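# Architecture at a glance
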Amino acid sequence: MNATVPSVETSGAPGRYLTFRLDREVYGVPILAVREIIELQEISPVPRSSHWVRGVVNLRGRVLPVLDPKLRFGLSPVEPSELTVIVVLQADDSKPFGVLVDEVLEVLRLEPSHLADAPTMNCDHEEFLAGFGKVRDGLVFLLDPAALRVS
Amino acid sequence: MSVAQLLAEMTALLAHASPAVLREAAGRLRAAVPPDNIDLAAMAEGIVCVLEIYGDDTDRELLVTQLQGDLSSIAYLLTQAPVSEPTPAPVPVVAPARTTAAAPAGLPAWVDPAMLAEFYDGQLHGLTEVEEMMLDAASLGEAGRNKLARILHTLKGESATVGFAGLEELYHALEDRLLAAPSPVEVVDDALALKDWVLRAVPALITGESAPPGREELLERLRATEAPAPPPVPLPIPTAAKNVLPSDPEAIAMFGEFFDEAAESLIQADELLVSIEAGGVEASSVDALFRTFHTLKGLAGFLELGSIQALAHAVEALLDDARNDPSTLSAARLDLILRATNMVRSALHATREAVAAGSGDLVVPGFDALLQKVLEARRRASVAPPPVRFAAPVAAPSASSEEREDDEERKPNLAVVRETIKVDLTRVDSLVETIGELVIVEAMVNNAADLRSQIGHRTRHQLAQLSKIVRDLQRQGLALRMVPLRGVFQKMSRLVRDLSRRSGKSIQLELSGQDAEMDRSLAERLGDPLVHMMRNAADHGIEPSDQRVAAGKPPMATIRLSAYHEGGNIIIELSDDGRGLNRDAIVKKAIERGLIDPSIQLSDPEAWELIFAPGFSTAAAVTEISGRGVGMDVVKRTVEELRGRIQIQSVIGKGTTFRLVLPLTLAIIDGMLMVVGGRRYVLPTLSILESMKPLPSQLHRFAGGGRIIDVRGDQLPLVDLGGLLGVPSSASDDPTAGFVVVVDGLRGRFGLLVDDLIGQQQVVIKHIDATLNSEGLFSGGAILSDGQVGLILNPTALRVDEPRVRRGALEAS
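In this text, all values refer to a predicted model and were calculated from it rather than measured experimentally.

Moving on: the overall build of chain A. Summing up its helical and strand segments, chain A has 2 helices and 11 strands in all. For chain A, the succession of helices and strands along the chain, N to C, is β-β-β-β-β-α-β-β-β-β-β-β-α. Across the 151 residues that make up chain A, the buried fraction comes to 47%. For chain A, the accessible area works out to roughly 7500 Å², and carbon and sulfur atoms hold 49% of it.

Written out as structure tokens, the structure is:
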């Protein structure tokens, strides 16, 4: 439980990524930042916290905060379905937190050739974006786990 | 080689030899132990095993610590049943080792095996430290040299206590050499030679064998090198009982430490004397008292305070008589000893002032007269009990060891030196955390509805058993972090001594409940608030002695510091018999500072509460001790942070009592489980005064908004928890459908309106992410019995407005 996570490779660099779906788009986080994936369980809301905090769950005796990235991006909240899971992330040495996702897809190896420079979109929430991965004609938005957590 | 020799060899090897060499030595040790001594054989086998388990890359320190413990145990066992050479025909075991335990020949009668083991342990540790310091002698500096001298001095004292004069002499010579040498580097070789010899000699001496050769040469060497280098600071042993005021800064620097140590010794001595007076002469108390005075004598001698040394020595002699024959410790003698501790205390006080002033008279009135009396008491009686320090080891020990066993049965409450090990705190924490998880899972299993309906009586019984064990485990786990308050309290006695001197008021400190235990992290943080409160008491609370006398009080003021358990909490009370809080002055000051509205009549507790406002001080004069009156707000904040609360009682002219109510640990709290908006929350029981089902007649609403509840004539603001948390709550709409919990918060009492109360429960506090708690409403989370998370409400954050103290005014100050 107390094992420290090896320093996470910078998101956006070549390496392995866990990809998941939010609405119709595919997002990825460095696999080294992923501690585990747990099934959806009842989340206790935390009154008066940020709106994108869904609440807390009991992760083997620890109180784990669970965030909703879609609320973070200003979208409608993740709707629970059979595919919904909580991805437990731990960025560097900070405390672990859960992220609610619509569906977990796969673990993807991104070679340097897969990485594209990010075009400037001049949009909101760009601070979460660490880069793009291009595979099999698909596009993966690579997220910075540490940025997700900061309030 | 004998077991003792092998033991010595192993001990010497311990610090530097490779595990392979140690393994080989351990093998020889095991072979040398006669197989019929089961304990000893097991210990030796244990050492071999340890060395086999640990590889060459093991943490050295860990290994050494472990082996030191084992070697000490073997030394102890050797003293229990002296072992001769391994012979083909094993020595017949006459009787169990314990009853044949005899102090080895040539040792004082009072030395028992346990003491020898302790001695061995002490020497081993001390010498290891000496060696470490010597290996880095070039960078020692003056502070290092002084530390080294003190270690040597302790080792010398220990040797003298168990009667090894030969060792004492060596240490003494080295100590002199060290203090005389221009640099500690010059004594490195001699110190290491001494260490090697002592480590070989001690096991032999303990088992009653003759010491290995080489002592005379060593002593000569230590003394010879002493002569040619003329010591810059001569150390004359005072022939007459006179005090020499130290002149060199080095000695003066050591005085502070000496006073602290001496003060502690005196406190110990007083405690012991009082217990002897109340409960009769116990061999163990006399022994402890003897050691205390011996330490004092050593300290005084080291600093050339001849008169104190002489008095301590005279008292020591009286106590020595008592050790041989308890009946000699008559009431008259006891009284003399008590007077001596007081006299030493005054003498120390005078010396301290003289040292601080750089000059002065060290003579304390009546000192010499008392010294004479103590000496005479001995002289008069010396006809009757002949000093039998070196009684024949045949008759005395069996009697004394029986006596000691009896003593232990008769007086179980006497402080017993408990054996301890040092453990990394993070390991303890991780153990406690894991136990916490076990507790949660156990509760979940036990409460699982589908399981309970299916299992039979037998399994249910086993589950109950499991439950009990888990609770025990949890209790024991938490006890690992518990420390007695003694350490914190001892610091206070030193502080009061200082405060008394600096403020020119005579103050005595009475301590009680020092053995009460609390979580280590709590105890550590308690020090600062106590210091603040102690300073306030000494500076503001206690009047100058002329005023006290005028008010009909004894000139000597008393501060009482006590601790006791009450419910699941620990109470720490600090009371003084000073002038009490001046209500009018406090209120006036608060009005001046714009903290309160002049038209409002405050109750006493409300008025006392004002002293916790930041920067609030009523003291007319800013003094060296209390600074600018800051502190009480810090005290309050710290106590709140520790999830405790603080209460004040004060009677003008009689004194003030501060009462800190603190949880025993930060890891677990007693909580009240309550429901708002269908969710469960936990409120620490410590801050709850009562709870009730409100009647319509108790409830009032100002202009359809602000709520008030009338609790037996007190109008308290009513906080709607549902509204505060922004969750729908049935009680918000109709308070009579819900419950009201009366909370004692940081800013006074208030009612908390909730939908339902479930009951009281112990919960393990889990930290929650700071991002979840931007408003500080929650102090943590708790895993409830069904595995869900319940948030723990922070009572101080539930009510942000203040009744009478204007917030802006507070922050501006």
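The helix and strand tally for chain B stands at 28 helices and 18 strands. Within chain B, buried positions represent 47% of all 813 residues. When contacts within chain B are restricted to residue pairs at least 6 apart in sequence, long-range pairs at least 24 apart make up 69% of them. Element-wise, carbon and sulfur atoms account for 56% of the exposed surface of chain B, whose accessible area totals about 38700 Å².

We now examine the sheet that holds strand β9 (residues 679-684) of chain B. Residue and element names in this part refer to chain B. Sheet architecture is open: 5 strands sit in the order β16-β8-β9-β18-β17, paired in mixed fashion. Looking at strand neighbours, the two that pair on one side only are β16 (756-764) and β17 (778-783), the edges of this open sheet. Sheet twist, expressed as the average angle between the axes of neighbouring strands with direction ignored, equals 35 degrees. Inspection of the sheet shows β17 paired to strand β18 (residues 789-793) by 5 bridges, in the antiparallel sense. Bridging from a neighbouring strand, F778 pairs with L793 of β18.

This part covers the environment of E25(A). Residue and element names in this part refer to chain A. Inspection of the secondary structure puts E25 in strand β2 (residues 25-30). Of the residues examined, E25 reaches a relative accessible area of 38% and is grouped as partly exposed. Here the alpha-carbon distance between E25 and G138, two residues 113 residues apart in the chain, equals 9.6 Å. With residues up to four places along the chain from it excluded, the contact list for E25 reads F20 and F141.

One recurring pattern in soluble globular proteins is that nonpolar side chains are buried together. Residue and element names in this part refer to chain B. If you look at the biggest cluster of nonpolar residues, it comprises 67 residues, and the most contacted ones within it are I47, M134 and L167. Residue contributions to this core peak at 12 residues, all from helix α9 (residues 188-206). Residues in contact with L167, not counting those within four places in the same chain, are F119, S159, W197, V198, V202 and L205.

Before going further, it helps to spend a moment on the packing of aromatic side chains. All chains considered together, the criterion is met by 6 aromatic pairs over all chains. Centroid distance Y681(B) to F778(B): 6.4 Å. Interplanar angle 10 degrees. Geometry classified as stacked. Of the two residues, Y681(B) is situated in strand β9 and F778(B) in strand β17; the sequence distance between them amounts to 97 residues. By the burial criterion, Y681(B) is buried, and F778(B) matches it. Directly above the ring of W52(A) sits R72(A), whose terminal nitrogen or CZ lies 3.7 Å from the centroid. A cation over a ring is seen here: K693(B) above F739(B), with NZ or CZ 4.4 Å from the ring centre.

What follows deals with a nonpolar patch on the surface. Residues V441(B), V445(B) and L451(B) make up a contiguous nonpolar surface patch of about 210 Å² in total accessible area. With respect to the helices, strands and loops of the structure, V445(B) is situated in helix α17 (residues 425-447).

Counting through the fold element by element, G487(B) comes out in helix α20 (residues 486-503). Sequence separation between G487(B) and A523(B) is 36 residues; the distance between their C-alpha atoms is 8.9 Å.

Our focus in this paragraph is the side chain of S159(B). Residue position: S159(B) is located in helix α7 (residues 141-162). Here L155(B) takes part through its backbone oxygen, which lies 2.8 Å from a polar atom of the side chain of S159(B).

Now for the pairing of strand β10 (residues 129-135) of chain A. All names here are of chain A. Pairing geometry for strand β9 (residues 115-116) and β10, over 2 bridges, is antiparallel. Within the sheet, the bridge partner assigned to L115 lies in β10 and is G133. For β10 and strand β11 (residues 138-143), the ladder comprises 6 bridges, and the chain directions are antiparallel. Its bridge partner being in β11, G133 is matched across the sheet by V140.

Let's shift gears to the packing of α20(B) against helix α21 (residues 520-541) of chain B. Residues and elements named next belong to chain B. Contact geometry for α20 and α21: axes closest at 10 Å, N-to-C directions at 25 degrees. The pairing of α20 with α21 is recorded here as roughly parallel in orientation. Every pair of crossing elements has a handedness; the one defined by α20 and α21 is right-handed. Contacts between α20 and α21 involve V488, M492, L495, V496 and L499 from the first element and A523, G527, L530, V531, M534, R535 and A538 from the second. When the residues that make up the contact of α20 with α21 are grouped by side-chain class, the tally is 10 nonpolar, 1 polar and 1 charged.

Interpretation of the predicted coordinates at a detailed level should be avoided for regions scoring low in pLDDT. Taken as a whole, chain A shows an average pLDDT of 85; of its residues, 90% reach a score of 70 or greater. Under a pLDDT of 50 for its full length, residues 1-8 of chain A has, in the predicted model, 20 contacts with residues more than four places off or in other chains.

Our focus in this paragraph is the confidence of the model for chain B. Residue and element names in this part refer to chain B. Summarising the model, chain B shows a mean pLDDT of 75, and 78% of its residues fall at 70 or more. Summarising per-element confidence for chain B, the mean pLDDT is lowest in helix α5 (residues 97-100) (34) and highest in β9 (93). Scored below 50 in pLDDT, residues 382-416 shows 32 contacts in the model against residues more than four places distant or in partner chains. Within the model, pLDDT remains below 50 along residues 620-630, and this stretch shows 17 contacts once partners closer than five positions in the same chain are excluded.

Attention now moves to the packing of α21(B) against helix α25 (residues 632-641) of chain B. Packed helix pairs are characterised by how far apart their axes lie and by the angle those axes make with each other. All names here are of chain B. Closest axis-to-axis distance for the α21/α25 pair is 9 Å, and the angle between their directions is 150 degrees. Relative to α25, α21 is oriented roughly antiparallel. Note on packing geometry: the crossing formed by α21 with α25 is left-handed. Between α21, through R525, P529, H532, M533 and N536, and α25, the contact on the second element is made entirely by M632, V634, V635, T638 and E641. Classifying every residue of the contact of α21 with α25 gives 5 nonpolar, 3 polar and 2 charged.

Our next topic: the pattern of salt bridges. All names here are of chain B. Within this structure, the stated rule accounts for 34 salt bridges over all chains. We note a salt bridge from E175 to K156, for which the minimum N-O separation is 3.3 Å. With a gap of 19 residues between them, E175 in helix α8 (residues 165-180) and K156 in helix α7 connect regions that are remote in the sequence. Across the pair K468 and D472 runs a salt bridge, and its minimum N-O distance is 3.5 Å. Remark: D472 and K468 occur in helix α19 (residues 457-480); sequence separation between them is 4 residues, near one turn of the helix. Overall, D472 belongs to the partly exposed group, its relative accessible area being 26%.

Here we come to the sheet that holds strand β4 (residues 53-59) of chain A. Residue and element names in this part refer to chain A. Strand order across the open sheet formed by 5 strands is β3-β6-β7-β5-β4, with mixed pairing between neighbours. Two strands bound the open sheet, and with one partner strand each, they are β3 (34-39) and β4. With direction set aside, neighbouring strand axes in the sheet form an average angle of 30 degrees. As paired strands, strand β5 (residues 62-67) and strand β7 (residues 97-101) are joined by 2 bridges and run parallel to one another. Bridging across to β7, L67 finds its partner in V99.

What counts and what doesn't
Residues numbered from 1 in each chain as written. Chains lettered and ligands numbered in written order. Predicted model: local features only at pLDDT ≥ 70, side-chain atom pairs only at ≥ 80, totals over all residues. Heavy atoms only, no water. Helix = DSSP H or I, 4+ residues; strand = E, 2+ residues; numbered from the N terminus. Buried < 20%, exposed > 50% of the residue type's maximum accessible area, 1.4 Å probe, protein only. Areas by Shrake-Rupley, 256 points an atom, 1.4 Å probe, with all protein chains shown as cover. Contact = heavy atoms within 4.5 Å. Pairing = 2+ DSSP bridges. Axes fitted to C-alpha atoms, helices over the stretch in contact; angles between N-to-C directions. Core = buried A, V, L, I, M, F, W, Y, C linked by side-chain atoms within 4.5 Å. Phe/Tyr/Trp six-rings, centres within 6.5 Å; stacked < 30°, edge-to-face > 60°. Lys NZ or Arg CZ within 6 Å of the ring centre and 35° of its normal. Patch = residues over 30% accessible without salt bridge, like charges linked within 9 Å, V, L, I, M, F, W, Y side chains within 5 Å. Salt bridge = Lys/Arg side-chain N within 4 Å of Asp/Glu carboxyl O. Polar contact = N/O pair within 3.5 Å; in protein donor to acceptor, adjacent residues only side chain to side chain. Parallel < 35°, antiparallel > 145°, perpendicular 65-115°, else oblique. Left-handed = near helix turned anticlockwise from the far one by under 90°. Nonpolar A, V, L, I, M, F, W, Y, C, P; charged D, E, K, R; others polar. pLDDT = per-residue confidence, 0-100.

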